[in-house]
Amino acid sequence: MSDIEISQGTPLEPIEKIAAKVGLTPDQIEPYGHTKAKINLPLAGDHQTGKLVLVTSINPTPAGEGKSTVVVGLGDAMNRAGHKTVLALREPSMGPVMGLKGGATGGGYAQVVPMEDINLHFTGDFHALTEAHDTLAALIDNHIQQGNELRLDPRRIVWKRVLDINDRELRQTVIGLGGRTSGVPRQDGFDITVASELMAVLCLSEDLSDLKRRVNRILIGYNEDKEPVTVGDLKVGGAITLLLKDAIKPNLVQTLEHNPAIIHGGPFANIAHGCNSVLATQTALQLGDYAVTEAGFGADLGGEKFMDIKTPVLGKTPDAVVIVATVRALKYNGGVKRADLETENVAALQTGSANLKRHIASMQQYGVPVVVAINRFTSDTDAEIAALTANIEALNVPVATTTVWADGGAGAMDLADKVVAATQQPSHFTRLTPEHADLVTQMTAITQKIYGGAKVELSTKATRQLKTFAKHGWDKLPVCMAKTQYSLTDDAHQLGAPTDFTIHVREFAPRLGAGFVVALTGNVLTMPGLPKHPAALDMDIDADGKITGLF
Ligand code: ADP
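By the naming in an unreviewed UniProt entry, the protein chain goes by Formate--tetrahydrofolate ligase and is assigned to Levilactobacillus parabrevis ATCC 53295. Here the protein chain is described in UniProt, under the heading Sequence similarities (unreviewed entry), as follows: "Belongs to the formate--tetrahydrofolate ligase family." Quoted verbatim from the Catalytic activity (unreviewed entry) heading of the UniProt record, the comment on the protein chain is "(6S)-5,6,7,8-tetrahydrofolate + formate + ATP = (6R)-10-formyltetrahydrofolate + ADP + phosphate".

1. Comments concerning the UniProt feature "binding site: ATP" (unreviewed entry) in the protein chain
UniProt records the feature "binding site: ATP" (unreviewed entry) at Thr61, Pro62, Ala63, Gly64, Glu65, Gly66, Lys67 and Ser68, using the numbering of this structure. Inspection of the secondary structure puts Thr61 in the loop between β3 (51-57) and α3 (67-80). Apart from residues no more than four positions distant in its own chain, Thr61 is found in contact with Ala329, Tyr332 and Tyr486. On the secondary structure map, Glu65 appears in the loop between β3 and α3. With residues near it in sequence (within four places) discarded, Glu65 still touches Thr326, Arg328, Ala329, Asn375 and Phe377.

2. A short note on the sheet that holds strand β13 (residues 228-230)
Through backbone hydrogen bonds, the strands of a sheet pair up, either in parallel or in antiparallel fashion. The strand order β7-β12-β13 describes an open sheet built from 3 strands, whose pairing is antiparallel. Strands at the two margins of the open sheet, each flanked by one partner only, are β7 (152-157) and β13. For this sheet the average axis-to-axis angle between neighbouring strands, irrespective of direction, equals 50 degrees. Looking at chain direction, β7 and strand β12 (residues 219-223) are connected through 2 bridges and run antiparallel. Residue Leu152 lies in a different strand from β12, and its bridge partner there is Asn223.

3. With respect to the site of the ligand
The ligand sits among 14 residues. The nearest are Asp3, Lys67, Ser68, Thr69 and Arg376. Within the contact set of the ligand, an oxygen atom lies 2.9 Å away from a backbone nitrogen or oxygen of Gly66. For the ligand, an oxygen atom lies 2.6 Å from a polar atom in the side chain of Thr69. Isolated, the ligand exposes 560 Å² of accessible area, and the fraction of that covered by the protein chains is 85%. Per-element tally for the shell around the ligand: the top contributor is α3, with 3 residues. Classifying every residue of the shell around the ligand by side-chain character gives 2 nonpolar, 7 polar and 5 charged.

4. Looking at the environment of Leu208
Tracing the chain through its elements places Leu208 in helix α8 (residues 208-217). For Leu208 and Tyr109, which are 99 residues apart along the polypeptide, the C-alpha to C-alpha distance reads 37 Å. Once residues lying within four places of it in the same chain are set aside, the contact partners of Leu208 are Thr241 and Ile248.

5. Side note on the domain arrangement of the protein chain
Here the domain parsing of the protein chain yields domain 1 (3-124 + 247-424), domain 2 (125-244) and domain 3 (439-520). For domain 1 versus domain 2, the separation of C-alpha centres amounts to 33 Å. The interface of domain 1 with domain 2 comprises 28 residues on the first partner and 22 residues on the second. Three residues stand out in domain 1 for area buried against domain 2, namely Gly124, Ala247 and Ile248, and they jointly supply 28% of the buried area on that side. One can count 1 salt bridge joining domain 1 with domain 2. The shortest N-O distance in the salt bridge between Lys38 and Asp125 comes to 2.6 Å. Taken together, the links from domain 1 to domain 2 amount to 13 residue pairs in polar contact (both at pLDDT 80 or more). Looking at the side of domain 1 that touches domain 2, the elements with two or more residues in it are α4 (94-98), α11 (278-287) and α12 (299-314). Looking at the side of domain 1 that touches domain 2, the element that brings in the most residues is α4, giving 3 residues. Taken together, the residues of the side of domain 1 that touches domain 2 sort by class into 14 nonpolar, 12 polar and 2 charged.

Rules behind the numbers
Residues numbered from 1 in each chain as written. Predicted model: local features only at pLDDT ≥ 70, side-chain atom pairs only at ≥ 80, totals over all residues. Heavy atoms only, no water. UniProt positions renumbered as here; feature names shortened; annotations may be inferred. Helix = DSSP H or I, 4+ residues; strand = E, 2+ residues; numbered from the N terminus. Contact = heavy atoms within 4.5 Å. Pairing = 2+ DSSP bridges. Axes fitted to C-alpha atoms, helices over the stretch in contact; angles between N-to-C directions. Near = heavy atom within 4 Å. Polar contact = N/O pair within 3.5 Å; in protein donor to acceptor, adjacent residues only side chain to side chain. Areas by Shrake-Rupley, 256 points an atom, 1.4 Å probe, with all protein chains shown as cover. Nonpolar A, V, L, I, M, F, W, Y, C, P; charged D, E, K, R; others polar. Domains from an automatic or database assignment. Buried area = accessible area lost by both parts, 1.4 Å probe. Salt bridge = Lys/Arg side-chain N within 4 Å of Asp/Glu carboxyl O.

Pasting the structure below:
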């Protein structure tokens, strides 16, 4: 059965009942229909009481390897084992939903539901973010049109426009054509909503006041004297924050096994910081004895950013890290073509396991216990599973094979035991670099200690930017690496665990509201395109509203 058929075949419980399971009273939630609700914050009490489990993975193959599926199954298994567990996940972007196969609601018998709502418009958070982002863009251009009191240089506006659609045609645009009444012509472009700084800001904000403070700090461009101009200078921080008043509230839904899941915010991990909102994770920690959360793509991207960008704001470090691996992905990393992934190949698996070992070592450097979860596919052979298990055990790392896609929470009982045991071990969180290290020191540490590479090389433009950043005091902000998810290097085709490579930084983007600087490496794009066969071609809805083809 497809994911959507399983989801449609499972009756959901009313959201009030799910809320009651974690002690949320009817006045603490705002239902959106019968099966979704916003949570009204703040909740009284201490939000740091639960144990935090971070789930990350090896470098994904283009098919997506089941990280969200394992997160959902692990949460259900922990609840089955009697540990009150609340999930904290990201909201899916409609770009990849319509493009490559890949929502973010898990799969098989380990899903968060209603999956068709969560994968499509959900509670409207991404629309609110898109509208807020583009309202700011319109206000900037209107300011220029109406006399330009701030003397904004139209050639140095850094605030682009966004859409939550994979639309490569909009990467580079010219706006303001049509004469005096239609604005001031300038070059512009669109990013995908999940790359918007407002998304990062929303996900890192502690409350509405913090959100407004951060929005006001956002850099929109430079004036004729090359001095930075912010949202605060434009005096529209209040209006932009107002447009996000509901989007800032975390969303409550349920798993197929009727356990609570909080789904909120969704920056991509390759071009943004890749973690659900701080508010969602804090709420999960407060409502559950365990909060299980996920960071996007591999441990080199979402995992690193969770540790280095999110934990300082969260004020809580993970008690255990789970790394999801699949036989398929490791064989792909070991050189097997996509079409041959279903054929047994222990030798390629052994070669590709270098990728998993790199990620284990990376996460262990943070001083947090690591557990490996093997997400079993039906095509995996016993010999392959045995070889991979032995490989991981040889490193003295706990490992469990899960079958949550086929069996739901029952398929991860062993993993749940191992994860709970790991959270009881002492964890001594260690930062990768000292606080306030400069950007080059941070990027070099990430390249060497996380990616396994040798050095960082800056383009002429990036070098020039660093000089002006030092002048403005931005050179010691945390770095957010924008890098391909498919490789530890900045070249998507280099699989496995390469060494001695260079990371090429072509440009920096200051994100002063989020409080970090994005370093764009290789040729990573902030507006994806659609593939030759977009997932949209297989989707349909009939006269009765029954949906097909949504995975
Ligand atoms: P990720 O979070 O790594 O992108 P997902 O959990 O979203 O991956 O899963 C991607 C797709 O793979 C989903 O359609 C899901 O149903 C499918 N999938 C995940 N695990 C398995 C498995 N063990 N067997 C078969 N299909 C799976």
